[in-house]
Amino acid sequence: MGFADDHLIPLVDQGLGNSAYLVDLGDGRALAVDASRDLRALKAAAARRGLTVAFAADTHLHADFLSGAVQLAHDDGAEILASAAGRRAFGHRGLADGDEVDLGGLTLRALATPGHTDEHLSFLLHDGGRELGVFTGGSMIVNSAARTDLLGADRTEKLARAQYRSLKRLITLPDATAVWPTHGAGSFCSAVRGNERTSTIGTQKQTNPLLAAADEDAFVKQLVAGLGSYPDYFDRLGEANRRGPAVLSAAPLLPALDAGQVKALLADGAQVVDVRPAADYAAGHIPGSLSIPLRGQFATWLGWLLPDTDPVVFVTGGGQDLAEIVWQSYKIGYERLAGRLAGGMAAWTADGNPQTTTAFLTPSHAEGRPYVDVRQDAEFAAGHVPGALNIELGSLAAAAVDAPEGAVVACAHGERGMTAASVLERAGHTDIAVLDGGAAEYAEAHGQQLIQGTGDTTS
């Protein structure tokens, strides 16, 4: 068994598409790399091995989640390792290119790999003269590289050129060197989607399409062409991570609120987020509430569709994990959680308050309505219903006027579709229905063939 089998514990956030890493240093101490503020999985893994986190390294100022490094420094006394160029406003050991940190037998060497961000570092872990692996963060990722447009359109090309040079530098490492990226499948920080989360330098030299680009210009064109939209909250979290997230003295809670308290909060401008499954929301919900079913992608859509400045009240269903709601919110900086409606919708209606329903239609019952597809552009281009209008969910609120009345809104399964319907209802649309299924099911039910290409889109 190799080093990774014995000492490296990947901690995958399937919802955000990222990996953090816990490295057992062999003496009761551990190194954490790119840990999220939601430290539950990391702390459980450390506890199983009896480890204390002695070092918390961040490869870059993350845009998609709040770092857990400051919390690890508070809880475990971890030394924070990060780029000196990041100008972080809290205690840390600032590293520059070539700097090394003695981990007690193993050594961590900082490699400047700008591109995804200006101050990006990769961390090469080596044992004596042997390179074990490199934590590449958002530079080289499996069969791709992370996006370079998060600092503004005017910086995208310059950062893409820096990303080219960073990848070229990384492939000078020995072929057997493991590649341990942070961003991966499902991450909006990735320029291209993929399934594998780790690799080796040698494999990437053979399979990464970006490394096959003829020259720097071709690399830049290929990388930039793969950039899609990303959640609005990405524009805020880099600076939040530079300042440092607030230390939490205890696990945050979600207080129970009665219907009267919820109504008072709504009158003061609070937002209501309904986290129940799509079918439950369709059957009856608080007028004006936003449907975001609780699943791995919950944080993404919360951060994309709501500001972080308004108090949030949640409507939950039986058996849903309240801690999951809280931690998914907190890991992207949403801390104004007013509470949850005690007793759910039954308590709301028993108090004499109105509810609204949304049609949730099987493909065979959705005929005759305009078809609005709210998936990402790349998903739509891969196959969509003839005549479908594509408005990405993330841009739907701004483009609500373009959505036809009486439409059936659809995604891949129904969750994003129900979220879209709630967005349109909030914008004043009526008679909106949601497809219980996706484009393939609809086409099959109506004897159609899916069409590839961008087609009609307003995103």
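To start, this report covers the structure provided alongside it.

Conventions adopted
Residues numbered from 1 in each chain as written. Predicted model: local features only at pLDDT ≥ 70, side-chain atom pairs only at ≥ 80, totals over all residues. Heavy atoms only, no water. Buried < 20%, exposed > 50% of the residue type's maximum accessible area, 1.4 Å probe, protein only. Helix = DSSP H or I, 4+ residues; strand = E, 2+ residues; numbered from the N terminus. Arc of directions from axis to C-beta. Contact = heavy atoms within 4.5 Å. Pairing = 2+ DSSP bridges. Axes fitted to C-alpha atoms, helices over the stretch in contact; angles between N-to-C directions. Salt bridge = Lys/Arg side-chain N within 4 Å of Asp/Glu carboxyl O.

### With respect to helix H2 (residues 40–49)
Listed in full, the buried residues belonging to H2 are Leu-42, Ala-45 and Ala-46. Projection of H2 onto a plane perpendicular to its axis shows the buried side chains occupying an angular sector of 100 degrees, all on one side. When the buried face of H2 is taken as reference, the exposed residues oriented beyond 90 degrees from it are Ala-47 and Arg-48. Taken together, the buried residues of H2 touch strand E1 (8–13), strand E2 (18–24), strand E3 (29–33), strand E4 (52–57) and helix H3 (69–76). Of the residues flanking the end of H2, it is Gly-50, one or two places downstream, whose phi is positive at about 70 degrees.

### Section: the sheet that holds strand E6 (residues 93–95)
If you walk across this open sheet you meet the 6 strands as E1-E2-E3-E4-E5-E6, and the pairing is mixed. Only two strands of the sheet have a single neighbouring strand rather than two, namely E1 and E6. Neighbour-to-neighbour, the strand axes of this sheet turn through a mean angle of 20 degrees, independent of strand direction. Summarising the sheet, E1 and E2 pair through 6 bridges and their orientation is antiparallel.

### Thoughts on unusual backbone geometry
With glycine set apart, most residues show a phi of negative sign, and most peptide bonds adopt trans. Positioned with a positive phi, Asp-34 is a non-glycine residue whose angle comes to about 55 degrees. Turning to its location among the elements, Asp-34 is positioned in the loop between E3 and H2. A relative accessible area of 2% places Asp-34 in the buried class. With a phi angle near 50 degrees, Arg-87 is a residue other than glycine that sits in the positive phi range. Examined against the element boundaries, Arg-87 turns out to sit in the loop between strand E5 (79–83) and E6. A residue is classified by how much of its surface remains accessible, and Arg-87, at 57% relative accessible area, is exposed.

### Comments concerning the pattern of salt bridges
Under the counting rule described, the total for this entry stands at 26 salt bridges. A salt bridge links Asp-27 to Arg-29, with the shortest nitrogen-to-oxygen separation between them at 3.0 Å. Judged by its relative accessible area of 26%, Arg-29 is partly exposed. The partner of Arg-155 in a salt bridge is Asp-118, with the nearest N and O atoms 2.7 Å apart. With Arg-155 in the loop between strand E12 (144–145) and helix H4 (156–170) and Asp-118 in the loop between strand E8 (107–112) and strand E9 (121–127), this residue pair connects regions lying 37 residues apart in the sequence. A residue is classified by how much of its surface remains accessible, and Asp-118, at 44% relative accessible area, is partly exposed.

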